[in-house]
Structure formats: structure tokens, C-alpha cells
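Remarks on the overall topology
The chain contents come next:
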Amino acid sequence: MIIRKEKSKDYEIIYSVVKAAFDSAEHSDGNEHDLVNALRKGAAFIPDLSLVAKWTERL
């Protein structure tokens, strides 16, 4: 697994993953994916703490 800082090129896939993750959640208002975008735009957002994990196969 590789853990790295989030990049702007990751935003679209993160949006899709969060949306899919909460689509069938019992206690969801259906806007969690929009909340992620709103948090990024907030004054308290710390880009260095926004991370992405990617699974890699060992060879």
C-alpha cells in the first residue's frame, strides 16, 4: 500500500468513491461527497493532512 498526499487530479475519483460508499448507507443525507469538496475549500483545510491510500500488488 502506498500512502501519499492528495493531489487535485485525485478529486474526481475521491468524489466518486465517497458517493458510492454512502449511496446505500442507512444514515446518509446523500451529500457526503459534496461535504468533502466543501471541506477542501474551508479556511481550516490543511492539505498536508489530506491523504490517499493506494493498494499495490507485491511482485
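Everything here concerns the structure above.
Read on for a plain summary of the structure. (Residues numbered from 1 in each chain as written. Predicted model: local features only at pLDDT ≥ 70, side-chain atom pairs only at ≥ 80, totals over all residues. Heavy atoms only, no water.)

1. Focus: the pattern of salt bridges
Across all of its chains, the model carries four salt bridges by this definition. Residue Asp10 pairs with Arg4 through a salt bridge whose shortest N-O separation is 2.8 Å. The class of Asp10 is buried, set by a relative accessible area of 7%. Lys5 is the partner of Asp48 in a salt bridge, and the nearest nitrogen-oxygen pair spans 3.0 Å. Highlighted residues: Asp48 in the loop between α2 (32-41) and β2 (51-54) and Lys5 in strand β1 (residues 2-5), separated in sequence by 43 residues. Note on Lys5: relative accessible area 47%, which makes it partly exposed. (Salt bridge = Lys/Arg side-chain N within 4 Å of Asp/Glu carboxyl O. Buried < 20%, exposed > 50% of the residue type's maximum accessible area, 1.4 Å probe, protein only. Helix = DSSP H or I, 4+ residues; strand = E, 2+ residues; numbered from the N terminus.)

2. A few points about the side chain of Arg40
With respect to the helices, strands and loops of the structure, Arg40 is situated in helix α2. The class of Arg40 is buried, set by a relative accessible area of 13%. Within the structure, Arg40 has its side chain in polar contact with the side chain of Glu6 (distance 2.7 Å). Beyond its immediate chain neighbours, meaning those up to four positions away, Arg40 contacts Glu6, Tyr11, Ile14 and Phe45. (Polar contact = N/O pair within 3.5 Å; in protein donor to acceptor, adjacent residues only side chain to side chain. Contact = heavy atoms within 4.5 Å.)

3. Points about the packing of aromatic side chains
Inspection of every chain in the model, using the stated rule, returns zero aromatic pairs. Of note, Arg40 hangs over the ring of Tyr11, and the distance from its end group to the ring centre comes to 3.9 Å. (Phe/Tyr/Trp six-rings, centres within 6.5 Å; stacked < 30°, edge-to-face > 60°. Lys NZ or Arg CZ within 6 Å of the ring centre and 35° of its normal.)

4. What to know about the packing of helix α1 (residues 11-22) against α2
The interhelical angle for the contact between α1 and α2, taken along N-to-C directions, is 140°, at an axis separation of 7 Å. Of the possible angle classes, the one that applies to α1 and α2 is oblique. Facing Tyr11, Ile14, Tyr15, Val18, Lys19 and Phe22 of α1, the residues of α2 in contact are Glu32, His33, Asp34, Val36, Asn37 and Arg40. Its residues assigned to classes, the contact of α1 with α2 comprises six nonpolar, two polar and four charged. (Axes fitted to C-alpha atoms, helices over the stretch in contact; angles between N-to-C directions. Parallel < 35°, antiparallel > 145°, perpendicular 65-115°, else oblique. Nonpolar A, V, L, I, M, F, W, Y, C, P; charged D, E, K, R; others polar.)

5. So, α2
The set of residues buried in α2 consists of Glu32, His33 and Arg40. With its buried residues spanning 115° around the axis, α2 presents them on a single face. Taken together, the buried residues of α2 touch α1. (Arc of directions from axis to C-beta.)

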